[in-house]
Amino acid sequence: HGTLGVLGGFFLVMIIYAALKSSCPFIYVNSGNEYVFSGELYPGNIIKNAQETDYLPLPALKEKDGALNIQITNELLEIQHTDEAVLEIVDHPHSVSVAMDPSGNLYTIASPEAPLKAIADDHHNIISQVAESDGQWATFDTHMEHSENKRKIDLWFNNTNERTSGKLLLSVKNSLWLDYAMGKFYEEFGDYFPKFQEDRQSISLEEAYQWREDQSLPLSVYVNTGNGWVLQHTLYAVGPLKFQELVLPIDLSGLGDNPLKVRLETGFMFWELDKVAIDYSDNLHVQKTQVFPYSAIDNYQRNVRKHLQTPDRIYLTQTEVGDWVEIKYQSPPKQSEKRTIFLRNKGYY
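Residues numbered from 1 in each chain as written. Predicted model: local features only at pLDDT ≥ 70, side-chain atom pairs only at ≥ 80, totals over all residues. Heavy atoms only, no water.

Brief notes about the nonpolar core
Most often, soluble globular proteins keep nonpolar side chains buried together rather than apart.
Part 1 of the argument: Of all hydrophobic cores here, the largest spans 34 residues; its most connected members are Leu168, Leu170 and Leu273.
Part 2 of the argument: Considering every element that reaches this core, the biggest residue donor is strand β16 (residues 271–279), with 4 residues.
Part 3 of the argument: If we ignore the near neighbours within four places in the chain, the residues touching leucine 170 are Leu235, Gln244, Glu245, Leu246, Leu248, Leu264, Leu273, Lys275 and Val276.
Part 4 of the argument: Residues Leu41, Leu316, Val325 and Tyr349 belong to the second largest nonpolar core, which totals 31 residues. (Core = buried A, V, L, I, M, F, W, Y, C linked by side-chain atoms within 4.5 Å. Buried < 20%, exposed > 50% of the residue type's maximum accessible area, 1.4 Å probe, protein only. Helix = DSSP H or I, 4+ residues; strand = E, 2+ residues; numbered from the N terminus. Contact = heavy atoms within 4.5 Å.)

Thoughts on the environment of isoleucine 327
Part 1 of the argument: Considering the arrangement of structural elements, one finds isoleucine 327 in strand β20 (residues 324–330).
Part 2 of the argument: In this structure isoleucine 327 comes out as buried when scored by relative accessible area, which is 0%.

Some details on the side chain of glutamate 265
Part 1 of the argument: Within the fold, glutamate 265 resides in strand β15 (residues 260–267).
Part 2 of the argument: Glutamate 265 gets classed as buried once you look at its relative accessible area, which sits at 17%.
Part 3 of the argument: Non-local contacts of glutamate 265, meaning those with residues more than four positions away in its chain, are made with Lys150, Arg151, Lys152, Pro218, Leu219, Ser220 and Tyr222.

Comments concerning the sheet that holds strand β9 (residues 124–125)
Part 1 of the argument: If you walk across this open sheet you meet the 6 strands as β9-β8-β10-β15-β12-β13, and the pairing is antiparallel. At either end of the open sheet lies a strand with only one pairing partner, and these are β9 and β13 (229–235).
Part 2 of the argument: As judged from the 8 bridges shared by strand β10 (residues 150–157) and β15, these two strands associate in the antiparallel manner. Counterpart to lysine 150 in the pairing with β15 is glycine 267. (Pairing = 2+ DSSP bridges.)

So this is what it looks like as structure tokens:
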């Protein structure tokens, strides 16, 4: 098991995180010279019967000796069940970048535009926090005199193309505060918590969604095209340790030449927003290739490759802190100028 190359600042975050809560699996990727932390798998999927497929971008993953190698680890107090770990490799021109929505649909990004204005909770100008990925971000923590637990950010974008659709780009993550709050909530169950958790394993995906919404956990995305705010997307979880880049298709029907107004809303300090932009360009055709593992050796020297190829509920289960698996994929021939890689993953913890 190779040494994991991680910056010292990340270790500090991990110390804080370990003190707060257990976690979904961590993923590290081979960047050519070392393994670097790249995010968390199937974040928020704690119910066996309500699993969803997750798509994690892996910008640091590089080919080495014809292979693409990743590691999945259990580093905190959790039992993790991974059902699928398949690469989706997208080759595309240099002129565009590629992003996925939460359902795994691909979009090309050619001309992203920063918002003209960003106002938190009707009064606070936060354009400097969300216009660029520069170490500043918005935290949905505005002080308010009433007891409303939700916070919002309103965004205004240029609209000169008279398009009926656009692509909203977000760099977001959950907060460590959210994990802390959820940990405190679960502590209130005391000795009853194992029974509570066991009972929840059989609830449906719809019930799981509704429970999260009742607690104001998701990030809700509204669009105002002149006839009031309309909910277009709900983001449920991406994990708290690394900002994730994703795209959301936006319906602009009826907008005409009015300014585009977008609202992001969530519970107090539950999410963090690093950057937001809009792109009106047409989607280009890109080549996507699925690549399945050819080797997956865990710390017990077992080859668990078959557990990770299809979502068949035959899991790689990591029960102990320190468990890891190294997964290898054959790198396919490049079919265009640039390559972007995503990990399609599924499981629960």
